[in-house]
Amino acid sequence: MALGQLGSLNALEQNKDQSYWRKWIKDNLPSADAIGDGFKEIVCDDIREIIKHVYSRMKRNKALKPAYGSTSFALILDGHENHSSYLRECGGCLERVIHKSSGDVKQSYHRLVMVSLLCEGITLPLDMESQRPREGEVACAMRLLKRVLKNYPRAFDLILADGLYAQAPFLKLALKHGKEVIAVLKDKRRDVLKDANGLFKGVKPEFFQNGNTKIECWDMENFTSWPQVGHPVRVVSTVERKSVRRQKTKKIHWEASKWAWVTTIPKKRLGTKTFLKFAHGRWKIENEGFNELVNYWHANHVYCHHPVAIEGFWLITMLAYILFHAFIGRNLKPQIRDKHTKKYLAMMVTAELYSTESFAPS
């Protein structure tokens with residue numbers, strides 16, 4: 001169902017009379033309700049072991065290469081709200097109050113944190129963790145990171161995270177296991193950001209050109225203004241101006257954006273230019289991770305509203321995503337990959353699922 005991107009147990013059930021199910025599962029395909037009930041009892045760590053096995057095979061077969069010509073792999077970490085409801089709830093639901101003109105309404109929702117490995121040509125999802133009731137996203141992320149550090153101790157050297165994770169406990173956990181962190185620095189109250197901005201005023205920036213984007217960059221290290229981390233940090237700040245041609249006026253306008261990051265990795269290990277590529281590479285978990293998983297692989301669909309089932313279906317969808325990209329990346333010739341989009345190739349997989357459909361009366 002996941003590989004065929006059907007997005008529904010009922011759609012899968014339409015294929016239950018096909019003979020190939022007996023070839024693969026030695027029996028008839030269970031009903032949609034039976035599969036949903038089965039996923040309430042599934043052992044999610046077993047699916048994680050399968051994902052780990054597939055990753056190990058890909059790594060051993062040299063199918064995974066570091067991004068941006070670097071020698072380091074980066075792990076991207078971010079949170080995601082997969083669904084919300086005013087009507088359904090389960091033991092794993094988080095709750096919030098929505099203020100409406102007609103009055104306050106309780107809404108139930110599920111959030112998760114996912115980690116993906118940033119590689120050349122692919123962002124590989126490795127694991128996820130559901131956020132528990134009355135738990136913050138960072139606490140959930142740290143629980144997930146501890147498991148990933150145990151299961152993939154040598155898979156990555158660098159962790160990329162949003163500004164929410166620019167917290168001392170998170171950085172200390174990574175440093176304890178020999179990993180470096182790059183996190184967006186948003187909180188203007190941070191002493192390290194105040195100190196950095198003060199010093200940057202008297203320093204000439206470096207200039208870079210990335211396509212149609214002009215970048216002014218300030219990069220300084222050995223800041224000790226964050227004693228809770230217990231480690232000197234480096235601050236990188238940029239002003240990025242991108243040229244945009246307006247459709248109405250046909251004129252080129254320059255749009256400016258300001259960024260700041262805090263990191264534990266020194267310049268001698270990661271130069272400024274490559275640093276910026278990794279820092280902005282964090283968005284790949286949104287663009288190539290959550291975006292594709294949700295819009296094409298139906299990861300947000302609630303197949304069964306139960307905390308274990310929701311987590312199990314997410315992991316199965318991640319596994320299908322990995323297998324699909326491994327197949328088109330390693331088993332298809334470049335001429336075929338260049339000729340067709342991933343959407344077209346996914347539709348071919350779906351067509352294969354229906355190709356042996358029998359319309360004979362049962």
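Above this text you will find the structure in question.
Cut-offs and rules
Residues numbered from 1 in each chain as written. Predicted model: local features only at pLDDT ≥ 70, side-chain atom pairs only at ≥ 80, totals over all residues. Heavy atoms only, no water. Helix = DSSP H or I, 4+ residues; strand = E, 2+ residues; numbered from the N terminus. Buried < 20%, exposed > 50% of the residue type's maximum accessible area, 1.4 Å probe, protein only. Contact = heavy atoms within 4.5 Å. Areas by Shrake-Rupley, 256 points an atom, 1.4 Å probe, with all protein chains shown as cover. Lys, Arg positive; Asp, Glu negative; His and termini not counted. Charge placed at Lys NZ, Arg CZ, Asp CG, Glu CD. Core = buried A, V, L, I, M, F, W, Y, C linked by side-chain atoms within 4.5 Å. Axes fitted to C-alpha atoms, helices over the stretch in contact; angles between N-to-C directions. Parallel < 35°, antiparallel > 145°, perpendicular 65-115°, else oblique. Left-handed = near helix turned anticlockwise from the far one by under 90°. Nonpolar A, V, L, I, M, F, W, Y, C, P; charged D, E, K, R; others polar. Phe/Tyr/Trp six-rings, centres within 6.5 Å; stacked < 30°, edge-to-face > 60°. Lys NZ or Arg CZ within 6 Å of the ring centre and 35° of its normal. Expected span 1.5 Å × (residues − 1). Arc of directions from axis to C-beta. Polar contact = N/O pair within 3.5 Å; in protein donor to acceptor, adjacent residues only side chain to side chain.

**Overview of the overall build of the protein chain**
Here is step 1: A count of helical and extended segments in the protein chain gives twelve helices and ten strands.
Here is step 2: In terms of overall dimensions, the protein chain has a C-alpha envelope of 80 × 55 × 50 Å along the principal axes.
Here is step 3: Per-residue burial for the protein chain yields a buried fraction of 49% across its 362 residues.
Here is step 4: For the protein chain, the share of sequence-separated contacts (at least 6 apart) that also reach a separation of at least 24 residues comes to 62%.
Here is step 5: A total of about 19700 Å² of accessible surface is found on the protein chain, and carbon and sulfur atoms cover 51% of it.
Here is step 6: Between the averaged position of the 57 positive side-chain charges in the protein chain and that of its 38 negative side-chain charges there is a distance of 7 Å.

**Overview of the nonpolar core**
Here is step 1: Core analysis: the largest hydrophobic core is formed by 95 residues, its most contacted members being Met114, Leu117, Leu124, Phe156, Phe170, Ile182 and Trp314.
Here is step 2: Take this core: its biggest share by element is eleven residues, from helix 10 (residues 307-330).
Here is step 3: In contact with Phe156, other than residues within four places in its own chain, are Phe73, Ala74, Leu75, Leu117, Val148, Leu149 and Lys179.

**Details of the packing of helix 9 (residues 284-295) against helix 10**
Here is step 1: Interhelical geometry of helix 9 versus helix 10 gives an angle of 110 degrees and a closest axis separation of 11 Å. As summarised for this structure, helix 9 and helix 10 are arranged roughly perpendicular, according to the angle between their axes. As for the relative orientation of helix 9 and helix 10, their crossing is right-handed in sense. Residues Glu288, Phe290, Glu292 and Leu293 of helix 9 form the contact with helix 10, whose participating residues are Trp314, Thr317, Met318, Tyr321 and His325.
Here is step 2: Partitioning the contact of helix 9 with helix 10 into residue classes produces five nonpolar, two polar and two charged.

**Structural notes on the packing of aromatic side chains**
Here is step 1: Summed over the entire model, instances satisfying the criterion amount to twelve aromatic pairs.
Here is step 2: Between the aromatic rings of Tyr165 and Phe170, the centroid separation amounts to 5.4 Å while the plane-to-plane angle is 50 degrees, which identifies the pairing as tilted.
Here is step 3: The exposure class of Tyr165 is buried, given its relative accessible area of 0%.
Here is step 4: Stacked on the ring of Phe156, the Lys or Arg Lys179 has its end atom at 4.8 Å from the ring centre.
Here is step 5: Directly above the aromatic system of Trp283 lies the positively charged group of Arg282, at a separation of 4.7 Å from the ring centroid.

**Quick word on unusual backbone geometry**
Most of the time, phi is negative for any residue but glycine, and the peptide bond is trans.
Here is step 1: In the Ramachandran plot, Gln5 falls in the positive-phi region, its phi being about 50 degrees despite a non-glycine side chain.
Here is step 2: Looking at the secondary structure, you find Gln5 in the segment before helix 1 (9-13).
Here is step 3: Although it is not a glycine, Lys62 adopts a positive phi angle of roughly 60 degrees.
Here is step 4: Looking at the element boundaries, Lys62 is found in the loop between helix 4 (44-60) and strand 1 (74-85).

**Re helix 4**
Note: α-helices contain 3.6 residues per turn, so residues at a spacing of three or four share the same orientation.
Here is step 1: An ideal rise of 1.5 Å per residue puts 24 Å on 17 residues; helix 4 measures up with 25 Å between its terminal C-alpha atoms.
Here is step 2: Taken residue by residue, helix 4 has Cys44, Ile47, Arg48, Ile51, Val54, Tyr55 and Met58 as its buried positions. Buried residues of helix 4 fall within an arc of 120 degrees about the axis and therefore sit on the same side.
Here is step 3: Where helix 4 is buried, its residues touch strand 3 (103-119), strand 4 (122-130), helix 5 (137-151) and helix 10.
Here is step 4: Positioned one or two residues after helix 4, Lys62 has a phi angle of 60 degrees, which is positive.

**Considering the side chain of Ser237**
Here is step 1: Looking at the secondary structure, you find Ser237 in strand 9 (residues 233-245).
Here is step 2: Relative accessible area serves as the criterion here: at 12%, Ser237 is assigned to the buried category.
Here is step 3: For Ser237, the side chain forms a polar contact with the main-chain oxygen of Trp259, separated by 3.3 Å.
Here is step 4: Non-local contacts of Ser237, meaning those with residues more than four positions away in its chain, are made with Phe200, Glu216, Cys217, Trp218, Trp259 and Ala260.

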